[in-house]
Amino acid sequence: MAMLSVKPGHRFTLPNWHTNSHLISADAERQRSASHQVRQEARALYNETNNQTKWDEHDNHTRLAERISSVNRWKETLDKCLADIDAEIDALAKVKEAAERALQAKNLPLDVSIECLTLRESRRAIDVVRDPVEEELHKEVKVIDKAKRELQQRVDEAFEQLCLLQEARQQLSCDHQRKMEALEIDRMCLSLNVNSPNISFKVNPTRVPDGSTALDEWEQNSQRNKEHAEAEIKASTELREATVLAIAQTNNELEAQRVATEFSLRKRIRDLERAYDELKWQEQNTLEEIAEMEEDIRRLEEGLRRKTKDLKVAHTRLETRTYRPDMELCRDQVQYGLTDEVHQLEGTIRALRQKLAESQDALDALFRQLHRIQTDTGYKANSLVLDNKCMDSRRKLVVPAEKFVPEVDTFNRTANRALSPLKNGQLELA
């Protein structure tokens with residue numbers, strides 16, 4: 001028969017068992033209540049932090065988008081400024097080149113004016129006068145020098161302004177480049193999300209980087225660069241307008257002076273031609289007078305010879321009649337007539353000799369005057385040739401260089417145009 005084993009140990013009473021069950025149940029209730037409270041708080045925290053994270057991410061996404069838009073607006077503004085400043089640089093460079101060409105073009109008028117002055121230094125004697133042509137030529141040289149100085153000043157100012165524009169453009173370009181880089185960085189940040197492969201923890205990401213600037217400083221820097229560029233563009237525009245005006249003004253002044261000089265030169269040539277023609281007319285009349293005077297002198301000399309022979313005849317008759325004999329040697333009418341004839345012939349011979357001397361003096365004076373006329377004609381011919389050379393040289397100012405054909409022969413430097421007989425004589429005397 002089997003034996004019932006009895007487990008030794010303490011035995012709890014039934015109340016203890018009920019009490020223990022009650023305690024366990026109460027503890028379970030408390031734990032469930034505490035757990036429920038924690039779960040509610042965790043859910044609330046989860047929802048709250050999730051919402052907060054989403055709103056923070058949304059706000060920062062919006063801020064990044066606004067920042068990108070702001071930087072992009074400034075980039076577009078800088079793009080426009082860069083385009084404007086590039087256009088202004090090109091325009092100013094073209095005006096500067098135009099001023100340089102205008103400056104270079106002043107060398108030809110200056111050379112022509114100096115050449116004309118040098119040519120006119122070859123005038124001779126009385127024709128070396130400070131006439132209106134010379135005054136206009138000197139005035140022309142002064143006008144050209146003044147124009148060259150003004151144009152050179154404009155070229156220098158344009159060069160300096162181009163340097164300032166390039167400096168302003170460099171600042172704009174650097175600012176524009178920095179904004180392009182910032183846009184690229186912010187757009188990359190805007191594209192990041194939790195699924196991006198290149199996200200990671202960083203060391204001290206909330207630090208303030210060295211060289212950071214405040215938002216107003218950033219705005220002021222871009223505004224300052226923009227205003228600086230606009231100021232330089234405005235200054236360049238004013239300089240361009242002033243340079244174009246200076247080019248036009250100097251060209252007008254030079255053209256007006258050229259017209260005045262050539263007007264004086266043409267008037268001087270007409271005066272020289274009139275003076276030359278007058279001298280040739282005087283020369284012709286003087287030659288005719290000399291020929292008539294020489295003929296009259298020959299007649300006077302012939303008359304003087306005849307009167308001398310007549311006087312010899314009268315002297316011989318009177319002397320021969322002194323040999324009449326005795327009473328035949330009387331003072332008859334023949335004696336008185338021969339005596340009157342001798343006195344008359346002697347007076348006539350004296351008058352003829354005096355008139356012959358006067359005629360010789362007059363003839364000498366005519367020859368001296370003829371020499372003076374011919375000399376002055378030579379001076380006028382020389383001056384006329386020189387002034388015509390000046391007119392020919394000044395054709396280079398209005399005729400293109402490739403079409404310019406000098407009217408002056410390079411060998412004898414005489415005009416290739418046909419001359420009148422008087423003017424051919426002018427060249428012979430020259």
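Just so we're clear, the structure is a prediction, and the values are computed from it rather than from any experiment.

## As for the pattern of salt bridges
Alright, step 1. Evaluation of the coordinates by the stated rule reveals 37 salt bridges.
Alright, step 2. The residue R394 makes a salt bridge to E140 at a minimum N-O spacing of 2.6 Å. On the criterion of sequence distance, the pair formed by R394 in helix α5 (residues 333-394) and E140 in helix α3 (residues 132-191) is long-range, its members being 254 residues apart. For the pair formed by R394 and E140, the shared burial category is buried.
Alright, step 3. Between R306 and E302 there is a salt bridge; the shortest N-O distance is 3.3 Å. Here the residue R306 and the residue E302 both occupy positions in helix α4 (residues 215-321), the gap between them amounting to four residues, near one helical turn.
Alright, step 4. Of the residues examined, R306 reaches a relative accessible area of 51% and is grouped as exposed.

## Regarding the packing of helix α1 (residues 14-105) against α4
Alright, step 1. Between α1 and α4, the shortest axis-to-axis distance is 9 Å and the interhelical angle comes to 20 degrees. As judged from the angle between their axes, α1 and α4 are roughly parallel. Relative to α4, the crossing made by α1 is left-handed.
Alright, step 2. For the contact of α1 with α4, the class distribution of residues is 17 nonpolar, seven polar and six charged.

## Section: the packing of helix α2 (residues 107-120) against α3
Alright, step 1. Taken N-terminus to C-terminus, the directions of α2 and α3 make an angle of 155 degrees; their axes are 10 Å apart at the nearest point. Of the possible angle classes, the one that applies to α2 and α3 is roughly antiparallel. The element α2 and its partner α3 pack so that their crossing is left-handed. Seen from α2, the contacting residues are N107, P109, L110, S113, C116, L117 and R120; seen from α3, they are V133, E134, L137, H138, E140, V141, I144, D145 and K148.
Alright, step 2. Of the residues belonging to the contact of α2 with α3, the class tally is eight nonpolar, three polar and five charged.

## Topic: the environment of D332
Alright, step 1. If you trace the backbone, D332 turns up in the loop between α4 and α5.
Alright, step 2. Remark: the alpha-carbon pair of D332 and L279, spanning 53 residues in sequence, is separated by 62 Å.
Alright, step 3. Within the local environment of D332, its side chain forms a polar contact with the backbone nitrogen of Q335, the two atoms lying 2.8 Å apart.

## Description of the UniProt feature "coiled-coil region" (unreviewed entry) in the protein chain
Alright, step 1. UniProt records the feature "coiled-coil region" (unreviewed entry) at residues 134-161, 269-310 and 342-369, using the numbering of this structure.
Alright, step 2. For residues 134-161, the helix share is 100%, the strand share is 0%, and the end-to-end C-alpha distance is 40 Å.
Alright, step 3. Across residues 269-310, the secondary structure splits into 100% helix and 0% strand, with the terminal C-alpha atoms separated by 60 Å.

## Observations concerning the state of the cysteines
Alright, step 1. Under the counting rule described, the total for this entry stands at zero disulfides.
Alright, step 2. Here C163 is not cross-linked by a disulfide; its sulfur's nearest cysteine counterpart is in C174, at 17 Å.

## Points about the packing of aromatic side chains
Alright, step 1. Per the stated rule, a full pass over the model turns up zero aromatic pairs.
Alright, step 2. The cationic tip of R67 hangs over the ring face of W218; the distance from NZ or CZ to the ring centre is 3.9 Å.

## Observations concerning the environment of L352
Alright, step 1. Note on placement: L352 falls in helix α5.
Alright, step 2. In the structure, L352 is positioned 77 residues away from A275 in sequence and 39 Å away in space, judged by C-alpha atoms.
Alright, step 3. The contacts of L352, once residues within four sequence positions are left out, are L300, G303, L304 and K307.

How each quantity is defined
- Residues numbered from 1 in each chain as written.
- Predicted model: local features only at pLDDT ≥ 70, side-chain atom pairs only at ≥ 80, totals over all residues.
- Heavy atoms only, no water.
- Salt bridge = Lys/Arg side-chain N within 4 Å of Asp/Glu carboxyl O.
- Helix = DSSP H or I, 4+ residues; strand = E, 2+ residues; numbered from the N terminus.
- Buried < 20%, exposed > 50% of the residue type's maximum accessible area, 1.4 Å probe, protein only.
- Axes fitted to C-alpha atoms, helices over the stretch in contact; angles between N-to-C directions.
- Parallel < 35°, antiparallel > 145°, perpendicular 65-115°, else oblique.
- Left-handed = near helix turned anticlockwise from the far one by under 90°.
- Nonpolar A, V, L, I, M, F, W, Y, C, P; charged D, E, K, R; others polar.
- Contact = heavy atoms within 4.5 Å.
- Polar contact = N/O pair within 3.5 Å; in protein donor to acceptor, adjacent residues only side chain to side chain.
- UniProt positions renumbered as here; feature names shortened; annotations may be inferred.
- Disulfide = S-S within 2.5 Å.
- Phe/Tyr/Trp six-rings, centres within 6.5 Å; stacked < 30°, edge-to-face > 60°.
- Lys NZ or Arg CZ within 6 Å of the ring centre and 35° of its normal.

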